[in-house]
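Inside the fold
The chain contents come next:
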Amino acid sequence: MLNFRSASPRLVAVALAAAAGACAHYSPAPPQTPSELFAAPDTAGLSVAAKSIDRPYLTAQPIDLSAPLTLNALAVITVLESPELKALRAKIGVSDAQAFSARLLPDPTAQFGFDQRLSGPDPFNGLAAQLGFDLNQLRLARVTREAGEASKRQVRLDIAWAEWQAAGQAQLLGVRIVVLTGAAELSRASADRAAKLLDTALRAAGRGDLAGAELDVRRQAAIDATDKARTAESALVAARGDLNKQLGLPPSLRLIIAAPPAPAPLPPSDTLVRLALDRRLDLAALRAGYQAQEAETHKQVLLQFPTLSLNVSGVKDTAANYTLGPQVAFTLPLWNRNRGGIAVASANRAQLKAEYEARLFATRADIVDTVNNIETARRQRTALAAALPPLQRYAEATVRAGNRGDLARTTGETATQAVRDRDLALVTLDQSIAEQTIALELLTGTLSEGWTR
């Protein structure tokens, strides 16, 4: 290339053509149309993918959207079909490409020059060529690779944590739908009975057998019961919509949710905190991010030293004199010395360290608070369940007495409504316990089955 006697334009053209042939080519990749995005789910493909899913917190199983779905099935569908998770998983390709780019050496630079002789005693035209190498990239190659690999680990861990959170959210919504379904049925039954009591009271008041104050009590009770029924129904509809959105399924698809298993016993808070510090993927992602920033800080420190570049140049002047020689260029670290880059990298590293420590502190506090809330709800449920049988016996006795004419029928209806209210309170406590148990799984980064292992 630098031997001008033997170099030929044809050889240069062949070399440039070969280099161009090795380049990547552009091809368009348009996004899906709305009709494609909103199409009905491929249930057969979903079931096949669900049978081969590989996640440590999921059990592979076939999926039938027309059959009752377990909490595990909801989590599997979420991981496979959630549009947000699909978008996040696309980041893996970006991080892999960035890590691949960090391993590549820079291409050498080449320059060519031609001087046309216009006048003078020399009979030849001038030619020049130069080949350059950036040696500074060789010095930074190791820390650049370390930063790229750590960033790739961080992205993968962040996505795995997002999948875990999305799976838990789907399970939480499934539990909520099951509980709200029972609560809505109880609320509708209470509203129906309150409406019948009000109708009876209105007829009695019309005959003059019931005072106005008692009628107002019945009317207010009917209004309250109707409001509770509407609230329960609205909450159930919202939960179903949120679940379909979480799963990436059409809003019109109505899923059947199987009854969830009984909540697992709780180990001590300190045990759960140790599990979380060991298994939470977001903490591992923060550690990987800190390692990437460590490499970046090291890189900025190296950049304070002189940057080097080596050029090899050859020239043929107009007198047919041939010269060949190297050129070395470097920066003089007199004023800048990359102090700004070092300061920014060090500040970012300190910020990541503070964020990691804050996440550790929040993890411990959240786990302790959730354990306390679950234990409190369980104590309340135990006390309420213990008080329910006597109230049921009293309600049954007053209903029998009302049927015999020994008591007013409204007395039995009131006692029965009190039982329904206690049942609704139990359902609410069951919902709180189940949801907070799932929340505790999300906080610890592991399923409840692994709390005691």
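Our subject is the structure that appears above.
Residues numbered from 1 in each chain as written. Predicted model: local features only at pLDDT ≥ 70, side-chain atom pairs only at ≥ 80, totals over all residues. Heavy atoms only, no water.

1. Side note on the overall build of the protein
- Broken down by element type, the protein carries 11 helices and four strands.
- Taken over 453 residues, the protein has a buried fraction of 33%.
- Intrachain contacts of the protein at a sequence separation of at least 6 include 75% that bridge at least 24 residues.
- With the model as given, the accessible surface of the protein reaches about 26,500 Å², and the carbon-plus-sulfur share is 59%. (Helix = DSSP H or I, 4+ residues; strand = E, 2+ residues; numbered from the N terminus. Buried < 20%, exposed > 50% of the residue type's maximum accessible area, 1.4 Å probe, protein only. Contact = heavy atoms within 4.5 Å. Areas by Shrake-Rupley, 256 points an atom, 1.4 Å probe, with all protein chains shown as cover.)

2. Observations regarding the sheet that holds strand β4 (residues 322–330)
- Sheet architecture is open: four strands sit in the order β1-β2-β3-β4, paired in antiparallel fashion. The outermost strands of the open sheet, each flanked by one partner alone, are β1 (109–115) and β4. On average, each strand axis in the sheet is inclined to that of its neighbour by 15°, with strand direction left out of account.
- Against the sheet, helix α6 (residues 135–207) contacts β2 (126–134) and β3 (308–316), and its axis sits at roughly 15° relative to β2. (Pairing = 2+ DSSP bridges. Axes fitted to C-alpha atoms, helices over the stretch in contact; angles between N-to-C directions.)

3. A short note on the nonpolar core
- In this structure, L65, L74, I77, L243, L247 and L255 are the most contacted members of the largest nonpolar core, which totals 40 residues.
- If you list the elements that add at least two residues to this core, you get α3 (43–51), α4 (71–81), α6, α7 (212–247) and α11 (409–444).
- If one sorts the elements of this core by residue count, α6 sits on top with 12 residues.
- L384, L388, A415 and I433 belong to the second-largest nonpolar core, a separate cluster that totals 11 residues. (Core = buried A, V, L, I, M, F, W, Y, C linked by side-chain atoms within 4.5 Å.)

4. Thoughts on the side chain of E435
- Its place among the elements puts E435 in helix α11.
- A polar side-chain atom of E435 sits 2.7 Å from a polar atom in the side chain of R176. (Polar contact = N/O pair within 3.5 Å; in protein donor to acceptor, adjacent residues only side chain to side chain.)

5. Topic: α11
- Taking 1.5 Å per residue as the helical rise, α11 with its 36 residues ought to reach 52 Å, and the 53 Å between its terminal C-alpha atoms agrees with that figure.
- Of the residues one or two after α11, G445 is the one with positive phi, at around 75°. (Expected span 1.5 Å × (residues − 1).)

6. Some words on the pattern of salt bridges
- For the coordinates displayed, the defined rule picks out 11 salt bridges.
- Across the pair E163 and R55 runs a salt bridge whose closest N-O atoms are separated by 2.8 Å. On the criterion of sequence distance, the pair formed by E163 in helix α6 and R55 in the loop between α3 and α4 is long-range, its members being 108 residues apart.
- With a relative accessible area of 4%, E163 lands in the buried category.
- Since its relative accessible area comes to 25%, R55 is described here as partly exposed.
- Among the salt bridges present, the one from R349 reaches E294, with a minimum N-O distance of 3.2 Å. Here E294 lies in helix α9 (residues 281–302) and R349 lies in helix α10 (residues 339–404), a separation of 55 residues in the sequence.
- Several salt bridges share partner residues, and in doing so they unite R55, R89 and E163 into one network. (Salt bridge = Lys/Arg side-chain N within 4 Å of Asp/Glu carboxyl O.)

7. Focus on the packing of aromatic side chains
- Within this structure, the stated rule accounts for one aromatic pair.
- Relative to W164, the ring of Y57 has its centre 5.0 Å away and its plane inclined at 75°; by these criteria the two rings are edge-to-face. Remark: W164 occurs in helix α6 and Y57 occurs in the loop between α3 and α4; sequence separation between them is 107 residues.
- Judged by its relative accessible area of 13%, Y57 is buried.
- Under the relative-accessibility criterion, W164 is labelled buried at 5%. (Phe/Tyr/Trp six-rings, centres within 6.5 Å; stacked < 30°, edge-to-face > 60°.)

8. Looking at the packing of α4 against α6
- One way to put it is that α4 packs onto α6 with a least axis distance of 8 Å and a crossing angle of 135°. Considered as vectors, α4 and α6 are oriented oblique to each other. Helix-helix and strand crossings are classified by hand; for α4 and α6 the assignment is right-handed. For the pair α4 and α6, the contacting residues are L71, N72, L74, A75, T78 and V79 in the first and E163, A166, A167, A170, Q171, G174 and V175 in the second.
- Per-class residue counts for the contact of α4 with α6 are eight nonpolar, four polar and one charged. (Parallel < 35°, antiparallel > 145°, perpendicular 65-115°, else oblique. Left-handed = near helix turned anticlockwise from the far one by under 90°. Nonpolar A, V, L, I, M, F, W, Y, C, P; charged D, E, K, R; others polar.)

9. Some details on α7
- When the terminal C-alpha atoms of α7 are compared, their 53 Å separation across 36 residues agrees well with the 52 Å that a helix rising 1.5 Å per residue should span.
- Where α7 ends, the next residue or the one after it, G248, has phi of about 75°, a positive value.

10. Structural notes on the environment of H298
- Relative to the assigned elements, H298 resides in helix α9.
- A relative accessible area of 31% means that H298 is categorised as partly exposed.
- Sequence separation between H298 and I342 is 44 residues, and the spatial gap between their C-alpha atoms is 8.6 Å.
- Here H298 is in contact with R142 and V143, once residues within four sequence places are set aside.

11. Details of the side chain of E441
- If you trace the backbone, E441 turns up in helix α11.
- For the buried E441, no salt bridge is present, and the opposite-charge side chain at shortest range is R378, 10 Å distant.
- Beyond its immediate chain neighbours, meaning those up to four positions away, E441 contacts W164, Q171, T446, L447, S448 and W451. (Lys, Arg positive; Asp, Glu negative; His and termini not counted.)

12. Quick word on the pairing of β4
- As paired elements, β3 and β4 share nine bridges and run antiparallel to each other. Along β4, the bridge assignment pairs L310 with V328.
- Where β3 folds back on β4, the antiparallel hairpin that results is connected by five residues, among which A320 adopts a positive phi of roughly 65°.

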